[in-house]
Amino acid sequence: QARFQYLLISVLRLTALQPNEGMGTLSKNARIPMAVAQYLKDSLAVEHSLEELAKRFSVSKNHLTILFKQQFGMTPVQYLKKLRIDEAQSLLRESDRSISEIASLTGFVNATYFARVYKQCTGHTPTEDAKNAFDTFDNG
């Protein structure tokens, strides 16, 4: 799995700033946050820092944050957290994976930290959401 992640990251590094379909006419300042957002989506389980993202996309941390906020209304770190929580919610609804496994798949260091962040973002625990999804499925 580590080799696969390394290979995936290597491929992403090579293609990160290549214009995607529909992005060819965008300015560099618009392409950078779009490329960062796609990179974050594609490497959800990997730990990212603002420093690493800025270096990878050849911009300063401040410039990246400004561009990203202009495009998405939040910082890259906030965006990554939102992506991870959204994916976790989806996995809780649609799978029978454990909370620990979902935490790992969505890039959280452990289930305790995942549960704390999840509750901060959603107002309820992952266990409550998993139970509600099961009850809805069971009664539906």
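All values derive from a computational prediction rather than experimental measurement.

Trainee: I'd like to hear about the overall build of the chain, residue by residue, with values.
Mentor: The helix and strand tally for the chain stands at eight helices and zero strands. Written out in order from the N terminus, the α and β elements of the chain read α-α-α-α-α-α-α-α. With 140 residues in all, the chain has 34% of them scored as buried. Counting only contacts in the chain whose residues sit at least 6 apart along the sequence, the fraction spanning at least 24 positions is 50%.

Trainee: Kindly report on helix 2 (residues 28-42), identifying the contributing residues and their values.
Mentor: Counted at 1.5 Å a residue, the expected span for helix 2 with its 15 residues is 21 Å, and the 21 Å between its end C-alpha atoms agrees. Restricting attention to buried positions, one finds in helix 2 the residues A30, I32, P33, A35, V36, A37, Y39 and L40.

Trainee: A description of the packing of helix 2 against helix 5 (residues 76-94) should follow, citing residues and the corresponding values.
Mentor: Packing of helix 2 against helix 5 brings their axes to within 10 Å, and their N-to-C directions diverge by 35 degrees. In terms of crossing hand, the pair formed by helix 2 and helix 5 is right-handed. Residue-level inspection shows A37, L40 and K41 of helix 2 in contact with helix 5, the latter providing P76, Y79, L80 and L83. Class assignment for the residues of the contact of helix 2 with helix 5 results in six nonpolar, no polar and one charged.

Trainee: With reference to specific residues and values, describe the pattern of salt bridges.
Mentor: Going through the model one piece at a time under the given rule, you end up with five salt bridges. Put simply, R97 and E101 hold a salt bridge, and the shortest N to O gap is 2.8 Å. On the basis of relative accessibility, which here comes to 36%, the residue E101 falls in the partly exposed class.

Trainee: Residue-level account of the environment of L105, with values.
Mentor: Along the chain, the position of L105 falls in helix 6 (residues 99-105). By relative accessible area, which is 38% here, L105 ends up partly exposed. In contact with L105, not counting residues within four places along its chain, are A45, L91 and R97.

Trainee: Could you give me a rundown of the environment of K61, with the residues and numbers involved?
Mentor: For K61, the location among the structural elements is in helix 4 (residues 61-72). Look at K61 and you get partly exposed, because its relative accessible area is 37%. A C-alpha to C-alpha distance of 9.9 Å links K61 and S49, two positions twelve residues apart in sequence. If we ignore the near neighbours within four places in the chain, the residues touching K61 are L50, E51 and A54. Of the polar contacts made by the side chain of K61, one reaches the side chain of E51; its length is 3.3 Å.

Trainee: Let's hear about the confidence of the model for the chain: which residues, and what values?
Mentor: Put simply, the chain has an average pLDDT of 84, and 76% of its residues get 70 or more. Least confident of the elements in the chain is helix 1 (residues 2-15), whose mean pLDDT is 62; most confident is helix 7 (residues 111-122), at 96.

Rules used in this analysis
- Residues numbered from 1 in each chain as written.
- Predicted model: local features only at pLDDT ≥ 70, side-chain atom pairs only at ≥ 80, totals over all residues.
- Heavy atoms only, no water.
- Helix = DSSP H or I, 4+ residues; strand = E, 2+ residues; numbered from the N terminus.
- Buried < 20%, exposed > 50% of the residue type's maximum accessible area, 1.4 Å probe, protein only.
- Contact = heavy atoms within 4.5 Å.
- Expected span 1.5 Å × (residues − 1).
- Axes fitted to C-alpha atoms, helices over the stretch in contact; angles between N-to-C directions.
- Left-handed = near helix turned anticlockwise from the far one by under 90°.
- Nonpolar A, V, L, I, M, F, W, Y, C, P; charged D, E, K, R; others polar.
- Salt bridge = Lys/Arg side-chain N within 4 Å of Asp/Glu carboxyl O.
- Polar contact = N/O pair within 3.5 Å; in protein donor to acceptor, adjacent residues only side chain to side chain.
- pLDDT = per-residue confidence, 0-100.

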